[in-house]
Amino acid sequence: MSGVLVRRRARPAPYLLLIPAILVLLLGMGYPVVWQITTSFQEFGLAQQFGKPAEWVGLQNYIGLATDPQFWAVLARSIAFCIVGAAATVIIGTALALLMTRVPAAIRLTLQVSLLLAWAMPIVAAMTVWIWLFDRRRGAVNYVLGLLGIDMHRYDWLSNPWTFFLVAGVIVVWMSVPFVAFSVYAGLTQVSDEVIEAASLDGANAWQRFRLVIAPLIAPVLSIVLVLNLIWDLRVFTHFTFLQDAGGKSSEFDVLGTYIYKVGAGAGDFGTSAAVSILTLAITILLSWFYVRQTIKEDKAS
Amino acid sequence: MTAVPVRRSKRNATRIGGVRPATIVWSVVAVVVAIVWAFPVYWMVNSAFVPNIELQSFIPKFFPVHPTWSNFAGAVADGSFFQALGISLAVTLIAVVGSILFAFLAALAISRFRFRGRVSFLLVLLFIQMLPAEALFIAQYKMVAAAGLLDTIVGTSVIYIAYIVPFTVWMLRGFVAGIPAELEEAAMVDGLSRTGAFLRITFPLLAPGLVASAVYAFLQAWNEFTVALVTLTSDQMQTLPLWLRGFVQASATRETDWGQVMAASTLVAIPVIVFFLIVQGRLTSGLVAGAVKG
């Protein structure tokens, strides 16, 4: 077959086709990564901004971070937010996917359209409307809670770190659940009805059917959406910037992204901000490793 | 990596006669969830049409009884919205054209040729796709500044292309691989040149994939906030997300005019929602294609 011959002949064509993509990736991502790594080992503060050459300081930026309780607090908060957010997203998303399989088509479509609307909202518009919903004086949330007998009138959600992170979590989960629900639902529709009916004939109740029959079959989807959500919940700079505009701004309200921005662009300490960036990159790459392995494995299998 | 259509469950059809009570309970739950989930979107549009005087009340208006366009008029009054719209369109256009062109060439290389480094390239793409802007944007700011491209459309768009290319390569790779090379070869046997065969046979078949990827790229560039915040620093060079943040901040210095802020948010959101609804099926299947076997 000529097709096989065409593909096997060693030619420069594939490399030529890759050049534009590789160049733009080297420029837009490669150079910044290298810059971050180099700068994280340098003293790069305000003096360097005005032309003083950067000095190599070895691990000093990292040691500075390791001995800074404020950084540890930000790191711990980011990781906790990421884990709780991703877990809540996957659990709620899976529950909604299961719900979709149990309702008539028209109602399923209603639910899907509603989820799609939330998914489609641009992040900045979502942030403004959620901040308006949680407005302490005229927000709909405090009003509805008041109707339910919980007096939150004039409660300022964004001034206390705990409720601030609760609001951030609600927003992140609201935005991320649709993707999980649709992905898991697509996985569920591949589970054949016969298998489930056989299980119920054998006397399995709903929970047993889910745990013993459905869950193992959709496990690959669940693990991929979980890892994706862990990675995405680390990049919440936009969310937190808007929330901090409207509420608390001190370091108690920071996650890694806003901390990097404040230390780097704000305070001009690029060495330290680069070190935090490198740690953030390391966490992401660690998490991505699982996603990449899984994707490659499934890609080969299909 | 083919698109997996969301198949309708046939389970309901197999139920025997009547409606089960459990189905009614689940349906009620589903409708309540649907209302709760769509509520913020409804609330944005609703508040945009409620007159400011009514928004001042402590009792929320759940319906625009006296709808008005005045919030929209107020949001665009100083002309900065249209300036930001223009800049957003320019940045997005360059980012979409650039990323689709580069990604398309790369996807051709990957799915039409077997060559050394092919798998490594794919692996690197998957990793790059996951890199958070949070960890790179300070370096990207320094780089763009050093090149003298702060507050320019080119500086920001090039960074956007780098962020968008990896996923679009993955998306297009699936589409290109879905078109058998034998089709092109048959056309070449019939006397077309390689380029001719590609242009007349493969390219038209690829159109849906190119459109889906372009919409994905559009959404990424149009919604982007983090990189824009550091590379576009002047008030005259703001994309819509930056403009919206500035608008909220300016409004907050007085008593926040939520009617105008919601009108502004609606203006930013509507085109995105429309485009998103067109392309969403492909996005889901693209990200979890491997995991959902069709």
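Conventions and cut-offs
- Residues numbered from 1 in each chain as written.
- Chains lettered and ligands numbered in written order.
- Predicted model: local features only at pLDDT ≥ 70, side-chain atom pairs only at ≥ 80, totals over all residues.
- Heavy atoms only, no water.
- Helix = DSSP H or I, 4+ residues; strand = E, 2+ residues; numbered from the N terminus.
- Rg over C-alpha atoms; globule rule 2.2 N^0.38 Å.
- Buried < 20%, exposed > 50% of the residue type's maximum accessible area, 1.4 Å probe, protein only.
- Domains from an automatic or database assignment.
- Contact = heavy atoms within 4.5 Å.
- Buried area = accessible area lost by both parts, 1.4 Å probe.
- Salt bridge = Lys/Arg side-chain N within 4 Å of Asp/Glu carboxyl O.
- Polar contact = N/O pair within 3.5 Å; in protein donor to acceptor, adjacent residues only side chain to side chain.
- Axes fitted to C-alpha atoms, helices over the stretch in contact; angles between N-to-C directions.
- Parallel < 35°, antiparallel > 145°, perpendicular 65-115°, else oblique.
- Nonpolar A, V, L, I, M, F, W, Y, C, P; charged D, E, K, R; others polar.
- Expected span 1.5 Å × (residues − 1).
- 1 Å grid on protein atoms, 1.4 Å probe; cavity = no way out; pocket = protein on both sides within 12 Å on 5 of 7 lines; lining within 4 Å.
- Points joined across faces, edges and corners; volume = space filled by probe spheres on them.
- Core = buried A, V, L, I, M, F, W, Y, C linked by side-chain atoms within 4.5 Å.
- Patch = residues over 30% accessible without salt bridge, like charges linked within 9 Å, V, L, I, M, F, W, Y side chains within 5 Å.
- Areas by Shrake-Rupley, 256 points an atom, 1.4 Å probe, with all protein chains shown as cover.
- Phe/Tyr/Trp six-rings, centres within 6.5 Å; stacked < 30°, edge-to-face > 60°.
- Lys NZ or Arg CZ within 6 Å of the ring centre and 35° of its normal.
- pLDDT = per-residue confidence, 0-100.

**Describing the overall build of chain A**
Okay, so step 1: When you go through chain A residue by residue, the secondary structure sums to 14 helices and 2 strands.
Okay, so step 2: In terms of C-alpha radius of gyration, chain A reaches 24 Å, well past the compact-globule figure of 19 Å for 302 residues.
Okay, so step 3: A principal-axis box enclosing the C-alpha atoms of chain A has dimensions of 75 × 75 × 30 Å.
Okay, so step 4: Burial statistics for chain A: of 302 residues in total, 54% are counted as buried.

**Describing the domain arrangement of chain B**
For interface size, the figure often reported is the accessible area lost on association.
Residue and element names in this part refer to chain B.
Okay, so step 1: The domain boundaries assigned to chain B delineate domain 1 (16–73) and domain 2 (74–288).
Okay, so step 2: Its C-alpha centre places domain 1 at a distance of 32 Å from the equivalent point of domain 2.
Okay, so step 3: Counting from both sides, the interface comprises 11 residues of domain 1 and, opposite them, 15 residues of domain 2.
Okay, so step 4: Buried surface at the junction of domain 1 and domain 2, summed over both partners, amounts to about 950 Å²; 66% is from carbon and sulfur atoms.
Okay, so step 5: Summed over the shared surface of domain 1 and domain 2, the result is 0 salt bridges.
Okay, so step 6: At the boundary of domain 1 and domain 2, one finds 10 residue pairs in polar contact (both at pLDDT 80 or more).
Okay, so step 7: Put simply, the parts of the chain that give the side of domain 1 that touches domain 2 at least two residues each are helix 2 (21–49), helix 3 (52–55) and helix 4 (70–76).
Okay, so step 8: With 5 residues, the top contributor of residues to the side of domain 1 that touches domain 2 is helix 2.

**Re the packing of helix 12 (residues 237–246) of chain A against helix 13 (residues 256–266) of chain A**
Residues and elements named next belong to chain A.
Okay, so step 1: Contact pair helix 12 / helix 13: the axes reach a minimum separation of 8 Å and the direction vectors enclose 70°. The angle between helix 12 and helix 13 places the two elements in the roughly perpendicular class. The segment helix 12 lies against helix 13, with Phe237, Phe240, Thr241 and Gln244 engaging Gly257, Thr258, Tyr261 and Lys262.
Okay, so step 2: A class-by-class count of the residues in the contact of helix 12 with helix 13 yields 3 nonpolar, 4 polar and 1 charged.

**A look at the interface of chain A and chain B**
Okay, so step 1: Counting from both sides, the interface comprises 117 residues of chain A and, opposite them, 106 residues of chain B.
Okay, so step 2: When the two sides are added together, the surface that chain A and chain B hide from each other amounts to roughly 10,200 Å², 73% of it contributed by carbon and sulfur.
Okay, so step 3: Counting every contact that joins chain A to chain B gives 3 salt bridges.
Okay, so step 4: As a salt-bridge pair, Arg138(A) and Glu255(B) come within 3.4 Å of each other at their nearest N and O atoms.
Okay, so step 5: At the junction of chain A and chain B, the tally comes to 18 residue pairs in polar contact (both at pLDDT 80 or more).
Okay, so step 6: Considering every element that reaches the side of chain A that touches chain B, the biggest residue donor is helix 2 (residues 13–40) of chain A, with 18 residues.
Okay, so step 7: A breakdown of the residues in the side of chain A that touches chain B according to their chemical character gives 78 nonpolar, 25 polar and 14 charged.

**What about helix 6 (residues 105–120) of chain A?**
Okay, so step 1: Along its 16 residues, helix 6 of chain A runs 22 Å from first to last C-alpha, staying within 8% of the 22 Å computed at 1.5 Å per residue.
Okay, so step 2: Taken residue by residue, helix 6 of chain A has Arg108(A), Leu111(A), Gln112(A), Ser114(A), Leu115(A), Leu116(A), Ala118(A), Trp119(A) and Ala120(A) as its buried positions.

**So, the pattern of salt bridges**
Residue and element names in this part refer to chain A.
Okay, so step 1: Applying the stated criterion across every chain, the model contains 6 salt bridges over all chains.
Okay, so step 2: Taking the shortest distance from any N to any O, the salt bridge between Lys52 and Glu55 comes out at 4.0 Å.
Okay, so step 3: With relative accessibility at 42%, the residue Lys52 sits in the partly exposed group.
Okay, so step 4: Residue class for Glu55 comes out partly exposed when judged on its relative accessible area of 46%.

**Focus on unusual backbone geometry**
Residues and elements named next belong to chain B.
Okay, so step 1: Phi angles above zero are rare outside glycine, and Asp151 is one such case at about 60°.
Okay, so step 2: You can see Asp151 is positioned in the loop between helix 7 (137–146) and helix 8 (153–177).
Okay, so step 3: Residue classification places Asp151 among the partly exposed positions, given a relative accessible area of 22%.

**Structural notes on empty space enclosed by the protein**
Okay, so step 1: Inspection of the entire model under this criterion finds 4 cavities of 30 Å³ or more.
Okay, so step 2: Of the volumes computed, that of the largest cavity is approximately 1,300 Å³.
Okay, so step 3: As for the largest cavity, its lining consists of 44 residues, of which Ile123(A), Trp232(A), Arg235(A), Tyr216(B) and Gln220(B) are closest to the centre.
Okay, so step 4: Tallied by class, the residues present in the lining of the largest cavity amount to 31 nonpolar, 9 polar and 4 charged.

**Topic: the nonpolar core**
Okay, so step 1: Met121(A), Trp174(A), Leu243(A) and Trp243(B) are the most contacted members of the largest nonpolar core, which totals 190 residues.
Okay, so step 2: Take this core: its biggest share by element is 17 residues, from helix 9 (residues 161–188) of chain A.
Okay, so step 3: When residues are assigned to domains, this core turns out to be shared by domain 1 (16–73) and domain 2 (74–288) of chain B, each giving three or more.
Okay, so step 4: When residues no more than four places from it in sequence are discounted, the contact partners of Trp243(B) are Ala75(B), Ser80(B), Phe81(B), Ala84(B), Gln238(B), Ala264(B) and Val268(B).

**Some remarks on a nonpolar patch on the surface**
Okay, so step 1: Taken together, the side chains of Leu16(A), Ile19(A), Ile22(A), Leu23(A) and Leu26(A) make up a nonpolar region of the molecular surface, amounting to roughly 470 Å² of accessible area.
Okay, so step 2: Position of Leu23(A) among the secondary structure elements: in helix 2.

**Here we look at the side chain of Thr280(A)**
Okay, so step 1: On the secondary structure map, Thr280(A) appears in helix 14 (residues 270–301).
Okay, so step 2: On the accessibility criterion, Thr280(A) (2% relative accessible area) is buried.
Okay, so step 3: Non-local contacts of Thr280(A), meaning those with residues more than four positions away in its chain, are made with Leu256(A), Ile260(A), Pro132(B) and Ala135(B).

**Considering the packing of aromatic side chains**
Okay, so step 1: The final tally for this structure, using the stated rule, is 46 aromatic pairs over all chains.
Okay, so step 2: Judged by centre distance (6.5 Å) and plane angle (80°), the ring pair of Trp35(A) and Phe270(A) falls under edge-to-face. You can see Trp35(A) sitting in helix 2 and its partner Phe270(A) sitting in helix 14, a full 235 residues away along the chain. Across the pair, exposure class does not vary: Trp35(A) and Phe270(A) are buried alike.
Okay, so step 3: The interplanar angle of 20° and the centroid separation of 5.2 Å between the aromatic rings of Phe218(B) and Trp222(B) together place this pair among those described as stacked. On the criterion of helical spacing, the pair formed by Phe218(B) and Trp222(B) is a turn pair, its members being 4 residues apart in helix 10 (residues 194–223).
Okay, so step 4: Looking at Trp222(B), the relative accessible area reads 3%, which means it is buried.
Okay, so step 5: One aromatic cluster in this structure is built from Phe81(A), Phe164(A), Phe165(A), Phe240(A) and Phe253(A).
Okay, so step 6: One cation-aromatic arrangement involves Lys142(B) over Phe270(A); the distance from NZ or CZ to the ring centre is 4.4 Å.

**Observations concerning the confidence of the model for chain B**
Residues and elements named next belong to chain B.
Okay, so step 1: Here chain B shows a mean pLDDT of 86. Residues at 70 or above account for 89%.
Okay, so step 2: A low-confidence stretch, residues 1–16 (pLDDT under 50), is modelled with 36 contacts involving residues beyond four sequence positions or located in other chains.
Okay, so step 3: Of the regions scoring below 50 in pLDDT, residues 289–294 engages in 17 contacts with residues more than four places distant in sequence or in other chains.

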